[in-house]
Amino acid sequence: MTARRTSAAPTKDREPVLISVYVPLLITIVIAVFAPRAAPLPAPRTAAWSLVSAALVASLGWLGSLGLLAFAGLVQIPEVAQEGQWSVAAVRASDPVYLTVAGVAALGLLASVAGLAVAATRQVRHLRWARRECQQLPGDTELAVLDLASPEAFALPGKPGRIVVSRGMLRCLGEREREALLAHERAHLRGRHHLFQTLWRLSAAVNPLLRPLSAAGGFVLERWADEEAALRVGDRAVVARAVGRAALATSANRSRPALAATGGAVPQRVRALLAPPPPRRALPFVAGAALLVVCCGSLADAATDSEQMIETAQHAACVTAQAAATAAASAVPPHGPCCEHEHLDGPVRHH
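In every chain, residue numbers begin from 1 and rise along the written sequence. Local features are withheld for residues below a pLDDT of 70 in this predicted model, meaning they are given only at 70 or higher, and side-chain atom pairs are given and counted only at 80 or more; totals for whole chains, interfaces and linings count all residues. Only hydrogens and water are set aside when side-chain values are computed; all heavy atoms of the structure are taken into account.

## Regarding the packing of helix 1 (residues 23-38) against helix 2 (residues 44-74)
Pairs of packed helices are described in terms of their axes, by the angle between the two and the distance that separates them.
Inference 1: In this analysis an axis means a line fitted to C-alpha atoms, helices contributing only their contacting stretch, and an angle means the value between N-to-C directions, from 0 to 180 degrees. Elements are defined by DSSP. Helices are runs of H or I of four residues or more, strands are runs of E of two residues or more, and each kind is numbered from the N terminus. It is at 8 Å that the axes of helix 1 and helix 2 come closest, and there the two elements cross at 150°. The orientation of helix 1 with respect to helix 2, classified from their angle, is roughly antiparallel. For the pair helix 1 and helix 2, the sense of crossing is left-handed. Where helix 1 abuts helix 2, its residues Pro-24, Leu-25, Thr-28, Ile-31 and Ala-35 lie against Leu-51, Ala-54, Ala-58, Gly-61, Trp-62, Ser-65 and Leu-69. Working rule for angles: under 35 degrees goes down as roughly parallel, over 145 as roughly antiparallel, 65 to 115 as roughly perpendicular, anything else as oblique. By definition, turning the near helix anticlockwise from the far helix through less than a right angle yields a left-handed crossing, and turning it clockwise yields a right-handed one. By definition in these notes, contact holds between two residues if any of their heavy atoms fall within 4.5 Å.

Structure representation (structure tokens):
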């Protein structure tokens, strides 16, 4: 559970350093603070994949750290130690995690798992609803035009997905702008952006600190679809006009789906479309990979220390039991193999 590296005979000056198990928690805070601010800088597609990687790393690191801290408290319960045949005193000496910290971590872990279960259930229901809606829409082509006066335009994920546009929306746009709108919604379906949204929502359910990633991710997905539409139409100004007019037309509609051309911060999207295309940068991928390596390495180090802690505690309990048996029956030699362990000194290994 710790980042210590002790020898077979540690000195009195050496203290275990509690670092590894807390590194993923620190990485989660760093991601929650800086990732949403850096999201608009690279190309939208790069930013979306970087945010997904960051959310995955932060969520797994958060759950892993809480699980290891809770485990450190669990093994200090006498009934559990008796069942596992290890020494509570040896556990506390090897890994000084306060029971209060372990209890808080256990409660946090339960809350995260419960939140994940609830969010996953909601996402499954939403995807099933979207597929049912796709099947009930008129026609069998990708585009479904609804005979509604209110302006509507959004993408429904499914197998295959559908693009839904109302006649009211089509009347608000010119021919080129209609093409840009459809290209935007088609980019949502082709990029399977609903899966990105699902992962961000699950991450926010695991750890509320990651909610800013979900908000930043929604904006990045709209920018990604804008850039795809600009490539398709060949005119960034046309896409900007389509986004602006569609947003103005649907300003009174507050119940529009998330994957809509009118979603996200429209003024920022229009400004980005009127500017040159954003450059492609590899730094977000490099930073995400570095965080992944550090997070996984820290969790692996903490898990290894937990395993060594249990082995040491089992060995200590075995030695104590043998000493008690020796005191009761002096026929037992004072030195020799302890239980199934092959030695008394040095590292303990089970076979």
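Still more ground to cover, so stick around.
## Some remarks on the nonpolar core
Inference 1: For the purposes of this section, nonpolar cores are sets of buried Ala, Val, Leu, Ile, Met, Phe, Trp, Tyr and Cys residues that join through side-chain atoms within 4.5 Å. The rule is simple: take the accessible area with a 1.4 Å probe, protein chains only, and divide by the maximum for that residue type; under 20% is buried, over 50% is exposed, in between is partly exposed. Counting residues in each nonpolar core, the largest one holds 33 residues, and the members touching the most others are Ile-31, Leu-51, Phe-196, Trp-200 and Leu-213.
Inference 2: Listed by contribution, the elements that provide at least two residues to this core are helix 1, helix 2, helix 8 (193-206), helix 9 (211-233) and helix 12 (283-328).
Inference 3: Considering every element that reaches this core, the biggest residue donor is helix 2, with twelve residues.
Inference 4: The contacts of Phe-196, once residues within four sequence positions are left out, are Ala-48, Trp-49, Val-52, Gly-191, Leu-221 and Trp-224.

## With respect to the packing of aromatic side chains
Inference 1: The aromatic pairing rule takes the rings of Phe, Tyr and Trp, using the six-membered ring of Trp, and pairs them if the centres are within 6.5 Å, calling planes under 30 degrees apart stacked, those over 60 edge-to-face and the rest tilted. Tallied over the entire structure, the rule returns three aromatic pairs.
Inference 2: Here Trp-49 and Phe-196 contribute two aromatic rings whose centre-to-centre distance is 5.0 Å and whose plane-to-plane angle is 75°, an arrangement assigned as edge-to-face. Of this pair, Trp-49 sits in helix 2 while Phe-196 sits in helix 8, and the two are 147 residues apart along the sequence.
Inference 3: A relative accessible area of 40% means that Trp-49 is categorised as partly exposed.
Inference 4: With relative accessibility at 6%, the residue Phe-196 sits in the buried group.
Inference 5: When the centroid spacing of 6.0 Å and the interplanar angle of 50° are considered together, the rings of Phe-196 and Trp-200 count as tilted. Of this pair, Phe-196 and Trp-200 both sit in helix 8, four residues apart, which is roughly one turn of that helix.
Inference 6: Judged by its relative accessible area of 1%, Trp-200 falls in the buried class.
Inference 7: Put simply, the rings of Trp-49, Phe-196, Trp-200 and Trp-224 touch in pairs and so form one group of aromatic residues.

## Quick word on the confidence of the model for the protein chain
Inference 1: A score between 0 and 100, pLDDT records how confident the predictor is in each residue. Mean pLDDT for the protein chain: 78, with 77% of residues reaching 70 or above.
Inference 2: Mean pLDDT in the protein chain bottoms out at helix 4 (residues 88-94), which sits at 67, and peaks at helix 8, which reaches 93.
Inference 3: Across residues 1-17, confidence stays below pLDDT 50; counting only partners more than four residues off in sequence or on other chains, it has 35 contacts.
Inference 4: Overall, residues 341-351 carries pLDDT values under 50, and its contacts beyond four positions in sequence, including any with other chains, amount to 20 contacts.

## Observations regarding the pairing of strand 3 (residues 162-166)
Inference 1: Counted residue by residue, strand 3 has five buried out of five residues, so it is predominantly covered.
Inference 2: Of the two faces of strand 3, the one holding Arg-162, Val-164 and Ser-166 and the one holding Ile-163 and Val-165 are both buried throughout.
Inference 3: DSSP bridges decide pairing: two strands pair if at least two such bridges lie between them. Summarising the sheet, strand 1 (residues 143-146) and strand 3 pair through four bridges and their orientation is parallel. Looking at strand 3, one finds that Ala-144 is bridged to Val-164.

## Some details on unusual backbone geometry
Inference 1: Here Arg-192, not a glycine, exhibits a phi torsion of approximately 50°, which is positive.
Inference 2: By the element assignment, Arg-192 lies in the loop between helix 7 (175-190) and helix 8.

## Observations regarding the environment of Arg-128
Inference 1: By the element assignment, Arg-128 lies in helix 5 (residues 99-136).
Inference 2: Arg-128 gets classed as exposed once you look at its relative accessible area, which sits at 56%.

## Some details on a nonpolar patch on the surface
Inference 1: By definition, no residue in a patch forms a salt bridge, and every one has over 30% relative accessible area; like charges are joined within 9 Å, nonpolar side chains (Val, Leu, Ile, Met, Phe, Trp, Tyr) within 5 Å. For the accessible areas, the method is Shrake-Rupley and the probe is 1.4 Å, while residue cover comes only from the protein chains on display. Put simply, a salt bridge is a Lys or Arg side-chain nitrogen that is within 4 Å of an Asp or Glu carboxyl oxygen. The grouping of Leu-26, Ile-29, Val-30, Val-33, Phe-34 and Leu-209 at the surface amounts to a nonpolar patch, some 530 Å² of accessible area in total.
Inference 2: Within the element layout of this structure, Val-33 appears in helix 1.
Inference 3: Exposure remark for Val-33: the relative accessible area of 35% places this residue in the partly exposed category.

## Here we look at helix 9
Inference 1: Each residue after the first adds 1.5 Å to the expected span of a helix. With 23 residues, helix 9 extends 34 Å from end C-alpha to end C-alpha; this agrees with the ideal 33 Å at 1.5 Å per step.
Inference 2: Two residues or fewer after helix 9 comes Gly-234, characterised by a positive phi angle close to 85°.

## Some words on the sheet that holds strand 1
Inference 1: What the three strands build is an open sheet, ordered 1-3-2; its pairing is mixed. The open sheet is flanked by strand 1 and strand 2 (153-156), the only strands paired with a single partner. Each strand axis lies, on average, 20° off the axis of its neighbour in the sheet, ignoring direction.
Inference 2: Of the strands in this sheet, strand 1, strand 2 and strand 3 touch helix 7, which is tilted by about 25° from strand 2.

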